[in-house]
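Chain residues, written in single-letter form:
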Amino acid sequence: MNNWLKAIYILPLFIGLSSCVEIIDDLSMNLDGSGTFKYTVNLSSSKSKINTILNLDSLDGKKVPKLPEIKSKVAEFTSLMSKQPGISNVKVETKYDDYIIKFQCNFTNVSVLQEALKNVINTLAIDKKGSVDYAYNWISWSSTKLQRSIPEISLQKVSEIKQSELDLLRTGSYTSISRFQKPVEKTDNPNATISTSRMAVMLKANTFTLTKNPKILENTIYLNQK
Amino acid sequence: MKKILLVCTLFFVSTLVAQKSEELIPSEAITVFSLNNIQLLQKISMDQLVQYDFMEELQQELFDGSTNNKTIKDSGLDFDQKINVFLGKNPDYSISGVSFGVSNTTNLFTVFDDFTPVESSYSGVEWYDSYFNNLLIKGKTALLIRVEPNEKKVDKITDSIWYARGNNSPWEYDFEEEAVEEPYDEGDTLEVKIDEGYEVNPEDDFSDTSENLMKNYYELRDSIQFALQLDYEKLVLDELFIQNKKLVATDSRFAEQISHNSEGTFYFDYSRKMEKTQGLTYFSGVVPSIYSDVNELYEGNIITGDLVFVDDHIEFQVLTKYNKQLGEIYYSLADAKMDPAVKKYIPQSSPAFFVYKVNMREAYEKAYEIIMPILTKEENNSRLSANVMMLDLMNEFINKDAIFDAYRGSVFGSFNGVKKIKTKKIEFIYDEATYDYYEKETEAEEDMPVFTVGISTKRPDIPEKILKYMTKILATRKDGHIQYINNVKGSEYYVMDKAILNSAPLYMINKNGVFILTNDEDLAKNYTNGYDKKAISSKELKKASQGGMMYAKIDLNSTVNLFPRDIFSPKENEIIDALRGKSGTMELTTSKTLKEQTNLNLTYDFVTGKEGTGEHVLDMINAIYILTK
């Protein structure tokens, strides 16, 4: 859920340059607790801005990575994720013309996914500031309940984003989708919607609002007992 | 009566012999900005003043809280003297500093509170220094100066000593010796590692360890830099205070310029900048006769200027002087008429535009006539001779009529504001039943500054040929196709998709003897034959074309403040930032170019608001400083 923040760790320029970032976090849970995690970052509506910034050496005192560096970071991310225990079928699909990155992996359980992401982000963190030390789990699963929240570190990171950068996120969106093999009974978050098939839950937030209130995407989803 | 005469004479003599701040400008200065009427600045706070780029040399001294809540008036400066900011550079070192009058040293040292007195080597001069700069006070004048050795020279000397001592490259990294940090305990002794390649002479006296400790590369470099700095500092200050070699005495043109009573004056000796440019010095060894002739070509090339304040506008009147040879080239270049066809493509609403007219053909012929003899003079350089031969043959064989008819020399450019441009984006569409999603390409809009650049041409068939061929050449590419559009309105243009920043289209219009490149869709689709009544007025074009080579007009509020930072280089952004937040109009006009000189006038019509006149003067100086530094 907090992975939109993780994108900041990997590609810090995204925050500054993307007036319209679209993030989709798509989690499919199997009955045994395993599942598939998909994460998509779509910057296609800001591509001219990104192209401009990629042509610069630095922006506001921060080094702007070149496209090959970004590609290499993405490849490193893929390789590191593949090596994490309990993680398989890691795929990254990139469309650099439109600046769309789609990540996907299978996991044996949500703890494994959490741990894997944490390890990889920490390995890739350029400096100590970027490292993540969660004492808090952002996702937990029992056979009939999925609980998602944002760890404290996210709040800390949000406070580090400059006001001028926050304003750029006003038109962005974050969509969190959770899919199940059993029908959904109810959800805690009143903003969440259940699909007509009742097999999926969607929660959408504006990225700007999310930075102001990271708890907006917290949700507990209850599945039918039967 | 005799007493009155004596008093008057004494006053007159004392006025004449009184030290003036401009007399403390070293002869090495190449650029000097002098602010004469500093009365204007009395109300400006020191904090505000030191924010300006032209005060950057002082910023380390002043950004430490010592300027808080102080105006320039409180800082002990003498308002009857000029403030002079100067810069200079030669292959060995660079100088930068400020000279000014002092009325109250106690107040002065409340601002320059980091300076400590040092023993002065110069009679009648008090010397103070800080970590970065030297402050020298002679009578009622002060000089704040920094002398910095050329970095490349420091590197060269350091490398030379470093390798002569038998050391390896300082950038080589020995992975096997990667240090493992161990905790430091009290009682541990610090072990200094001596480079193994260094042979110890048993006769050396090592009793003074501070003298003989082996320095690492960076320590050695720092020592060399410091030693050179002291040497060059002494050289500059000896010249100034012992040999009396000051700019006002060594350059009569500067002396004349600084005597003007305008609000500010500007002096820039381009010939010395050329001569002392590190890159050109390289040629002195390789092609000595060319080096000497090129220097000769720029001899006497000096730019001086006056800042004149009139009611609600400031004028920067610049005079560029050059010698006969260079003057011949400039004169030929400026012998051009503005093609009236460009007028119709500059919209009246344009917040900024420029027109530029030169006679390319004449300038080429004149430059060829003057420069070729210089190039052919060099006898002992076969590579150069081969290049000169190619140049000579091309001059014979190439169809110059076609080239100079295709591009005659009239250029124009306009900034047409920031517009929404159409781009494509990928959207994710969700299925309500399952929340599965798929990608769909949709139209999007992004803000983009809209520019138009065009040239007048007598041979529109040549750009047409190029465009037609390019259309075919690029046809097989994935992106960047060129397409010919001829819509019902009779508008015809070429469009290259994803040409700008891989997203926005570039339009190419080749009509009415004008070839245009623009990202303005409106111009391409609706005004390929010109803006007609919506174009700038004939009166405005006349004003633009009446003068010399260039005319530019910019409405600061609706131009500079709208420029997105992203699309400009750091240097360009520095200039734009200097003007950001200002309001008013800037107009640049040039006079007819003569064989000895050209006049250029930059007028800044400001809107009177919260800012006072002093701020506007400083804004103007700052913009000029950034442009010329």
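Residues numbered from 1 in each chain as written. Chains lettered and ligands numbered in written order. Predicted model: local features only at pLDDT ≥ 70, side-chain atom pairs only at ≥ 80, totals over all residues. Heavy atoms only, no water.

Caption draft 1: The arrangement of the overall build of chain B in detail. Helix and strand content of chain B: 21 helices and 20 strands. Per-residue burial for chain B yields a buried fraction of 45% across its 629 residues. In chain B, the share of contacts with a sequence separation of at least 24, taken over all contacts with a separation of at least 6, comes to 68%. Of the roughly 34,000 Å² of accessible surface on chain B, a fraction of 54% belongs to carbon and sulfur atoms. (Helix = DSSP H or I, 4+ residues; strand = E, 2+ residues; numbered from the N terminus. Buried < 20%, exposed > 50% of the residue type's maximum accessible area, 1.4 Å probe, protein only. Contact = heavy atoms within 4.5 Å. Areas by Shrake-Rupley, 256 points an atom, 1.4 Å probe, with all protein chains shown as cover.)

Caption draft 2: Focus on the overall build of chain A. When helices and strands are counted, chain A shows eight helices and 13 strands. Going through the 226 residues of chain A one by one, you find that 55% of them count as buried. Of the contacts made within chain A by residues no fewer than 6 positions apart, 66% connect residues no fewer than 24 positions apart. Counting only carbon and sulfur atoms, one obtains 51% of the accessible surface of chain A, whose full area is about 9,900 Å².

Caption draft 3: Structural view of the sheet that holds strand S8 (residues 145–148) of chain A. All names here are of chain A. One open sheet accounts for four strands, arranged S7-S8-S13-S10; its pairing is antiparallel. On the outer flanks of this sheet lie strand S7 (139–142) and strand S10 (184–187), each paired with one strand and no other. Sheet twist, expressed as the mean angle between neighbouring strand axes with direction ignored, is 15 degrees. In this sheet, S8 lies alongside S7 in antiparallel orientation, the contact comprising four bridges. (Pairing = 2+ DSSP bridges. Axes fitted to C-alpha atoms, helices over the stretch in contact; angles between N-to-C directions.)

Caption draft 4: Highlighting the confidence of the model for chain A. All names here are of chain A. On average, residues of chain A carry a pLDDT of 77, and 72% of them reach 70 or more. Here residues 1–19 scores under 50 on pLDDT; set against residues more than four positions off or in separate chains, the count is 69 contacts. When the criterion is pLDDT under 50, residues 126–130 qualifies, and its contacts beyond four places in sequence or with other chains add up to four contacts. (pLDDT = per-residue confidence, 0-100.)

Caption draft 5: Summary view of the interface of chain B and chain A. Each partner contributes to the interface: chain B provides 22 residues, whereas chain A provides 34 residues. At the surface where chain B touches chain A, the tally comes to three salt bridges. The salt bridge partner of B:Glu439 is A:Lys95, with a shortest N-O separation of 2.4 Å. Taken together, the elements giving at least two residues each to the side of chain B that touches chain A come down to strand S12 (410–430) and strand S13 (437–456) of chain B. No other element matches the five residues that S12(B) contributes to the side of chain B that touches chain A. Split into classes, the residues belonging to the side of chain B that touches chain A amount to ten nonpolar, three polar and nine charged. (Salt bridge = Lys/Arg side-chain N within 4 Å of Asp/Glu carboxyl O. Nonpolar A, V, L, I, M, F, W, Y, C, P; charged D, E, K, R; others polar.)

Caption draft 6: Molecular detail of the pairing of strand S17 (residues 514–518) of chain B. All names here are of chain B. Burial of S17 is extensive: four of the five residues sit out of reach of the surface. Note: S13 against S17, five bridges, orientation antiparallel. If you follow Ile455 over to S17, its bridge partner there is Phe515. Where strand S16 (residues 504–511) and S17 come together, five bridges link them in antiparallel fashion. Counted as the bridge partner of Met508 is Leu517 from S17. Linking S16 back to S17 in an antiparallel pair, the connection comprises two residues, with Asn512 at a positive phi of about 55 degrees.

Caption draft 7: Structural context of a nonpolar patch on the surface. All names here are of chain B. There is a patch of nonpolar side chains on the surface, built from Met389, Met390, Leu393, Met394, Phe397, Ile398 and Ile403 and spanning about 690 Å² of accessible area. Broken down by element, the nonpolar patch gets its largest block of residues, five residues, from helix H15 (residues 382–397). Among the structural elements, Ile398 can be located in the loop between H15 and helix H16 (400–406). According to the relative accessible area criterion, Ile398 is partly exposed, its value standing at 36%. (Patch = residues over 30% accessible without salt bridge, like charges linked within 9 Å, V, L, I, M, F, W, Y side chains within 5 Å.)

Caption draft 8: How the structure looks around unusual backbone geometry. Residue and element names in this part refer to chain A. You will see that Tyr99, though not glycine, has its phi angle at about 55 degrees, which is positive. Along the chain, Tyr99 turns up in the loop between strand S5 (87–95) and strand S6 (100–107). One non-glycine residue, Arg198, lies in positive phi territory at about 65 degrees. Topologically, Arg198 is positioned in the loop between strand S11 (193–194) and strand S12 (200–206). Residue classification places Arg198 among the partly exposed residues on the basis of a relative accessible area of 34%.

Caption draft 9: Structural detail: the environment of B:Lys321. All names here are of chain B. Its location among the elements puts Lys321 in strand S10 (residues 313–321). Put simply, Lys321 and Glu596 are 275 residues apart on the chain and 5.8 Å apart in space, counted from C-alpha to C-alpha. Leave out the neighbours within four places in its chain, and Lys321 touches Gly300, Asn301, Ile302, Glu596 and Gln597.

Caption draft 10: Up close: the confidence of the model for chain B. All names here are of chain B. Looking at chain B as a whole, its pLDDT mean stands at 77, while 73% of the residues score no less than 70. Per-residue pLDDT stays below 50 along residues 1–17; that stretch engages in zero contacts with residues further than four places along the chain or on separate chains. The low-confidence segment residues 173–209 (pLDDT under 50) makes 15 contacts with residues lying over four places distant or belonging to another chain.

Caption draft 11: Examining helix H4 (residues 67–82) of chain A more closely. Taking 1.5 Å of rise per residue, 16 residues should cover 22 Å, and H4(A) covers 23 Å from first to last C-alpha, within 8% of that figure. Of all the residues in H4(A), the buried ones are A:Ile70, A:Val74, A:Phe77, A:Thr78, A:Leu80 and A:Met81. (Expected span 1.5 Å × (residues − 1).)

Caption draft 12: Structural view of the nonpolar core. Core analysis: the biggest nonpolar cluster contains 47 residues, and A:Phe37, A:Met81 and A:Ile87 have the highest contact counts within it. The leading source of residues in this core is helix H5 (residues 110–124) of chain A, at eight residues. Listed in part, the 34 residues of the second largest apolar core include B:Tyr52, B:Leu77, B:Met586 and B:Phe606. (Core = buried A, V, L, I, M, F, W, Y, C linked by side-chain atoms within 4.5 Å.)

Caption draft 13: Quick look at the packing of H4(A) against H5(A). All names here are of chain A. Relative to each other, H4 and H5 sit at 140 degrees, their axes nearing to 10 Å. Taken together, the axes of H4 and H5 lie oblique to each other. Like other packed secondary-structure pairs, H4 and H5 cross with a definite hand, here right-handed. On H5, the residues touching Lys73, Glu76, Phe77, Leu80 and Met81 of H4 are Ala116, Leu117, Val120, Ile121, Thr123 and Leu124. (Parallel < 35°, antiparallel > 145°, perpendicular 65-115°, else oblique. Left-handed = near helix turned anticlockwise from the far one by under 90°.)

Caption draft 14: Expanded view of the pairing of strand S9 (residues 173–179) of chain A. Residue and element names in this part refer to chain A. Of all seven residues making up S9, seven are buried, and the element is well covered by its neighbours. Alternating positions in S9 separate into two faces, Ser173, Thr175, Ile177 and Arg179 on one and Tyr174, Ser176 and Ser178 on the other, with burial throughout. As defined by bridge partners, strand S1 (residues 22–29) adjoins S9 across seven bridges and the pair is classed as parallel. By the bridge assignment, Leu27 is partnered in S9 with Ser178. Two strands pair when backbone bridges link them, and S9 and S12 are joined in this way by seven bridges, in the antiparallel orientation.

Caption draft 15: Geometry of the sheet that holds S12(A). Residues and elements named next belong to chain A. Pairing is mixed across the open sheet formed by seven strands, whose spatial order is S5-S6-S2-S1-S9-S12-S11. Each having just a single partner strand, S5 and S11 make up the two edges of the open sheet. The pairing of S11 with S12 spans two bridges and is classified as antiparallel. Looking at the pairing, Ile194 lines up with Val201 of S12. Relative to the sheet, H4 contacts S5 and S6, its axis offset from that of S5 by approximately 165 degrees.

Caption draft 16: Local environment of the pattern of salt bridges. Counted under the stated rule, the structure contains 27 salt bridges over all chains. Of the charged contacts in the structure, one is a salt bridge between B:Glu439 and A:Lys102, with a shortest N-O distance of 2.3 Å. With B:Glu439 in strand S13 and A:Lys102 in strand S6, the pair connects residues from two separate chains. Owing to a relative accessible area of 25%, B:Glu439 belongs among the partly exposed residues under this scheme. With a closest N to O distance of 2.8 Å, B:Glu587 and B:Lys543 form a salt bridge. Of this pair, B:Glu587 sits in strand S19 (residues 584–590) while B:Lys543 is found in helix H19 (residues 538–546), placing the two residues 44 residues apart along the sequence. Connected through shared salt-bridge partners, A:Glu93, A:Lys95, A:Lys102 and B:Glu439 make up one network.

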